[in-house]
Amino acid sequence: MAKVRTGLIGCGKVGRIHAAALSRLPESEFVAVCDANLGRADAFARQYGARAFSDVRHMLAQVPLDAVVVATPHPLHAEPALAAAERGVHVLVEKPMAASLADCDAMLAATAKAGVKLGVVSQRRLYEPVVRMKAAIDAGKIGRPALGVVLMLNWRDDSYYASDPWRGRWDTEGGGVLVNQAPHQLDLLQWFLGPIEEITGYWANLNHPSVAVDDTALALIRFADGGLGCVVASLSQKPGLFTKVHVHGATGASVGVQTESGASFVAGVSEIADPPLNDLWTVPGEEHLLAAFEAEDRARFRAIDPTTHYNALKIEDFLRAILEDREPAVTGRDGRVVVEMFTAIYRSNRERRPVRFPAPGAS
Ligand SMILES: NC(=O)c1ccc[n+]([C@@H]2O[C@H](COP(=O)([O-])OP(=O)(O)OC[C@H]3O[C@@H](n4cnc5c(N)ncnc54)[C@H](O)[C@@H]3O)[C@@H](O)[C@H]2O)c1
């Protein structure tokens, strides 16, 4: 099989999951790792037989690479992505694609100019209950998707924010729950109901005085085809309760997923404890399928390592997109929409008015 020579930039918590996939996937020849902390890169290099670097440009100059996975903190996604594109190297970047629209636009322009692919990690799109929802919506089984609801009631404690100096700060993280935890569900919502016409947003810090950023955010969304959306994303419920994405159609039928049953996992720290499940399925004539979906999804969950499985599927899709010269399942344009959503929510909160799309760049 043709292989893609791969490198990893960012050997932190989620980097461990990426490195495991890059070393195992048959499409990947995992040759180089880079971390600003050379000790971390060295440890990965020893484990995987790759070369270690502390400087991205140095790595790109020294090692012939076809693709890199960028897993640095979000405001630091653009710089290595631009360096890779300049060298003609394909880029798969962690979520959120960036902390600002300016960074997204620079990455889109650089990869387009270089003729390389730009993908964004959004592995919850690959959860089987989510795939089922998308197929049902696309098949018209709920009619026009008319109302989308994201309800994330989650928890992070002070030790989470203290675990890395960049977390919980506007300058080094770019935001809070909206930027770090909610992008997966914002992506699903816009995938199911987009494109977006207008957003009204609010945020607050309800019970995390040790950090400045939002632990809770709300948004009301009007979609271009007349659909409506509502987002409640919070890290203030102890213990974390659940995260759900529900879509109600114009026919009155509904489909939904519970992506997390309690607090969502923290990559490199905890494991995914419970399976994602369809928790709502009122498609006429298919109501009885819900129990079968659940049995199937619980059986699969026991058979796989869910913490690494969906991430590996995501990387596999990106490597195959390179080998088959097609678009990855989640493109840079898709990733930019999520950044546009949280940028608009912050702006709406600040200016106390709805923000129309395309949203202005400054957050
Ligand atoms: N898809 C998911 O479910 C998921 C899960 C966790 C994290 N993430 C994303 O992955 C990214 C990293 O998160 P994390 O939890 O692994 O953070 P982390 O702090 O554990 O790791 C980041 C690593 O990047 C390194 N780094 C920083 N600047 C660098 C530079 N210029 N060049 C090379 N290395 C550099 C740091 O030294 C650190 O080792 C974030 O954007 C986060 O949102 C995604």
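These notes cover the structure that comes with them.

Concerning the packing of helix 5 (residues 101-114) against helix 13 (residues 332-351)
Item 1. Relative to each other, helix 5 and helix 13 sit at 170 degrees, their axes nearing to 9 Å. Viewed along their axes, helix 5 and helix 13 adopt a mutual orientation that is roughly antiparallel. As helix 5 packs across helix 13, the resulting crossing turns out to be left-handed. Two secondary-structure elements touch here, helix 5 through Leu101, Cys104, Asp105 and Leu108 and helix 13 through Gly332, Arg333, Arg336, Val339, Glu340 and Thr343.
Item 2. For the contact of helix 5 with helix 13, a count of residues per class yields 4 nonpolar, 2 polar and 4 charged.

Comments concerning the site of the ligand
Item 1. In the vicinity of the ligand there are 25 residues, among which Asp35, Arg40, His74, Gln123 and Trp166 approach most closely.
Item 2. In this structure, Val14 approaches the ligand through a main-chain N or O atom, which is 2.9 Å from an oxygen atom.
Item 3. Within the backbone of Lys95, a nitrogen or oxygen atom sits 2.8 Å from an oxygen atom of the ligand.
Item 4. Bound to the protein, the ligand loses 88% of the 850 Å² it would expose on its own.
Item 5. A per-class count over the shell around the ligand returns 11 nonpolar, 7 polar and 7 charged.

Details of the nonpolar core
Item 1. Counting 82 residues, the largest nonpolar core has Val68, Met97, Phe192, Ile199, Ile221 and Val255 as the members making the most contacts within it.
Item 2. Ranked by residues supplied to this core, first place goes to helix 13 with 7 residues.
Item 3. What Ile199 contacts, discounting residues up to four positions off in sequence, is Ala219, Leu220, Ile221, Met341, Ala344, Ile345, Ser348, Pro354, Val355 and Phe357.

A look at the pairing of strand 13 (residues 277-281)
Item 1. Burial runs high along strand 13: 4 of the 5 residues are buried.
Item 2. Here strand 12 (residues 254-260) pairs with strand 13 via 4 bridges, running antiparallel. In the sheet register, Val257 faces strand 13, and the bridge partner there is Asn278.

Some details on empty space enclosed by the protein
Item 1. All chains considered together, the criterion is met by 3 cavities of 30 Å³ or more.
Item 2. As a volume, the largest cavity reaches approximately 70 Å³.
Item 3. Forming the walls of the largest cavity are 13 residues, and the residues nearest its centre are Lys95, Val120, Ser122, Asp187 and Val338.
Item 4. Where the lining of the largest cavity is concerned, the elements lending two or more residues are helix 10 (183-193) and helix 13.
Item 5. Residues of the lining of the largest cavity, tallied by class, amount to 7 nonpolar, 3 polar and 3 charged.

Some details on the pattern of salt bridges
Item 1. Applying the stated criterion across every chain yields a total of 26 salt bridges.
Item 2. Arg356 is paired through a salt bridge with Glu198; the nearest N and O atoms lie 3.3 Å apart. Here the residue Arg356 occupies a position in strand 14 (residues 355-356), and Glu198 occupies one in strand 8 (residues 196-204), the gap between them amounting to 158 residues.
Item 3. Its relative accessible area of 21% is what places Glu198 among the partly exposed residues.
Item 4. As a salt-bridge pair, Asp317 and Arg326 come within 3.1 Å of each other at their nearest N and O atoms.
Item 5. Among the residues examined, Asp317 registers a relative accessible area of 16% and is labelled buried.
Item 6. Looking at Arg326, the relative accessible area reads 28%, which means it is partly exposed.

Looking at the packing of aromatic side chains
Item 1. Per the counting criterion, the structure on display carries 10 aromatic pairs.
Item 2. Taken together, the aromatic side chains of Trp170, Trp203, Phe342 and Tyr346 make up a single cluster linked through ring pairs.
Item 3. Here Arg156 stacks its cationic end above the ring of Tyr160, 5.0 Å away from the centre of that ring.
Item 4. The ring of Phe242 is capped by Lys244, whose NZ or CZ atom sits 4.8 Å from the centre of that ring.

So, the packing of helix 1 (residues 13-24) against helix 12 (residues 306-324)
Item 1. Between helix 1 and helix 12, whose axes approach to 9 Å, the crossing angle comes to 60 degrees. In terms of their interaxial angle, helix 1 and helix 12 are classed as oblique. Taken as a pair, helix 1 and helix 12 cross one another with a handedness that is right-handed. The residues of helix 12 that touch helix 1, namely those facing Ile17, His18, Ala21 and Leu22, are Thr307, Thr308, Asn311, Ala312 and Ile315.
Item 2. Along the lines of polarity and charge, the residues of the contact of helix 1 with helix 12 split into 5 nonpolar, 4 polar and no charged.

What counts as what
- Residues numbered from 1 in each chain as written.
- Predicted model: local features only at pLDDT ≥ 70, side-chain atom pairs only at ≥ 80, totals over all residues.
- Heavy atoms only, no water.
- Axes fitted to C-alpha atoms, helices over the stretch in contact; angles between N-to-C directions.
- Helix = DSSP H or I, 4+ residues; strand = E, 2+ residues; numbered from the N terminus.
- Parallel < 35°, antiparallel > 145°, perpendicular 65-115°, else oblique.
- Left-handed = near helix turned anticlockwise from the far one by under 90°.
- Contact = heavy atoms within 4.5 Å.
- Nonpolar A, V, L, I, M, F, W, Y, C, P; charged D, E, K, R; others polar.
- Near = heavy atom within 4 Å.
- Polar contact = N/O pair within 3.5 Å; in protein donor to acceptor, adjacent residues only side chain to side chain.
- Areas by Shrake-Rupley, 256 points an atom, 1.4 Å probe, with all protein chains shown as cover.
- Core = buried A, V, L, I, M, F, W, Y, C linked by side-chain atoms within 4.5 Å.
- Buried < 20%, exposed > 50% of the residue type's maximum accessible area, 1.4 Å probe, protein only.
- Pairing = 2+ DSSP bridges.
- 1 Å grid on protein atoms, 1.4 Å probe; cavity = no way out; pocket = protein on both sides within 12 Å on 5 of 7 lines; lining within 4 Å.
- Points joined across faces, edges and corners; volume = space filled by probe spheres on them.
- Salt bridge = Lys/Arg side-chain N within 4 Å of Asp/Glu carboxyl O.
- Phe/Tyr/Trp six-rings, centres within 6.5 Å; stacked < 30°, edge-to-face > 60°.
- Lys NZ or Arg CZ within 6 Å of the ring centre and 35° of its normal.

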